[in-house]
Amino acid sequence: MRQLIIPVLTIFLSGFTYFLLAQNPPVADQQLGVFEHLDEYISDDLVFTDEKYEKINIRESLDKPTVLALVYYECPGICSPLLNGLAEAMDKTDINLGKEYQVYTISFSPAEKPPLAGQKKKTYAR
């Protein structure tokens, strides 16, 4: 009898949890995922630290076409191929980086510090 109670109780609790979640779904702030913010603008107060420890307000620096690459510098899986492809595309273009367009590579990770950003910039600038 005891062996039957545990599976039945587990099924009941699973069903009850599903019922509660269906009645009160988690709010967007509690969910993981991608949330589109179409027709919204970058906040005026977004400030990032560059490879020289200087503060940069992205919104204020948007004075020419800009590529934003949001990556993890130490990610070999997706981010490195993305940066390699970006560098290859930049190399093949006739327009001048810095004069006619700019590129910002921003790390998602607070553990990745400006010296690592500087190393990556040197690597991809070649």
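In case you missed it, the structure is sitting above this.
Residues numbered from 1 in each chain as written. Predicted model: local features only at pLDDT ≥ 70, side-chain atom pairs only at ≥ 80, totals over all residues. Heavy atoms only, no water.

Undergrad: What exactly am I supposed to notice about the pattern of salt bridges here?
TA: A side chain with one charge can pair with a side chain of the opposite charge if their charged atoms come near. Following the criterion strictly, the structure yields 4 salt bridges and no others. Ionic pairing is found between E51 and K121, a salt bridge with its closest N-O pair at 2.9 Å. Linking E51 in the loop between β1 (47–49) and β2 (55–57) with K121 in helix α4 (residues 114–125), this pair joins segments that are 70 residues apart in sequence. Since its relative accessible area comes to 22%, E51 is described here as partly exposed. When the shortest N-O distance is used, the salt bridge between K92 and E88 registers 3.1 Å. With K92 and E88 both in helix α3 (residues 79–92) and 4 residues apart, this pair spans about one turn of that helix. (Salt bridge = Lys/Arg side-chain N within 4 Å of Asp/Glu carboxyl O. Helix = DSSP H or I, 4+ residues; strand = E, 2+ residues; numbered from the N terminus. Buried < 20%, exposed > 50% of the residue type's maximum accessible area, 1.4 Å probe, protein only.)

Undergrad: In this structure, what is going on with α3? I would like to understand it.
TA: Spacing of three or four residues puts side chains on the same side of an α-helix, whose turn is 3.6 residues. The terminal C-alpha atoms of α3 lie 20 Å apart, and with 14 residues this matches the ideal 20 Å at 1.5 Å per residue to within 8%. Listed as buried for α3 are C79, S80, L83 and L86. Buried residues of α3, seen end-on, are gathered within an arc of 125° and therefore sit on one face of the element. Looking at the buried positions of α3, the neighbouring elements they touch are β3 (66–71), β4 (102–107) and α4. (Expected span 1.5 Å × (residues − 1). Arc of directions from axis to C-beta. Contact = heavy atoms within 4.5 Å.)

Undergrad: Please explain the side chain of S107 as it appears in this structure.
TA: Note that S107 resides in strand β4. There is a polar contact of 3.1 Å between the side chain of S107 and the backbone nitrogen of S109. Side chain to side chain, S107 and E112 meet in a polar contact 2.4 Å long. Look past the residues within four positions of S107 in its chain and what remains in contact with it is V71, Y72, Y73 and E112. (Polar contact = N/O pair within 3.5 Å; in protein donor to acceptor, adjacent residues only side chain to side chain.)

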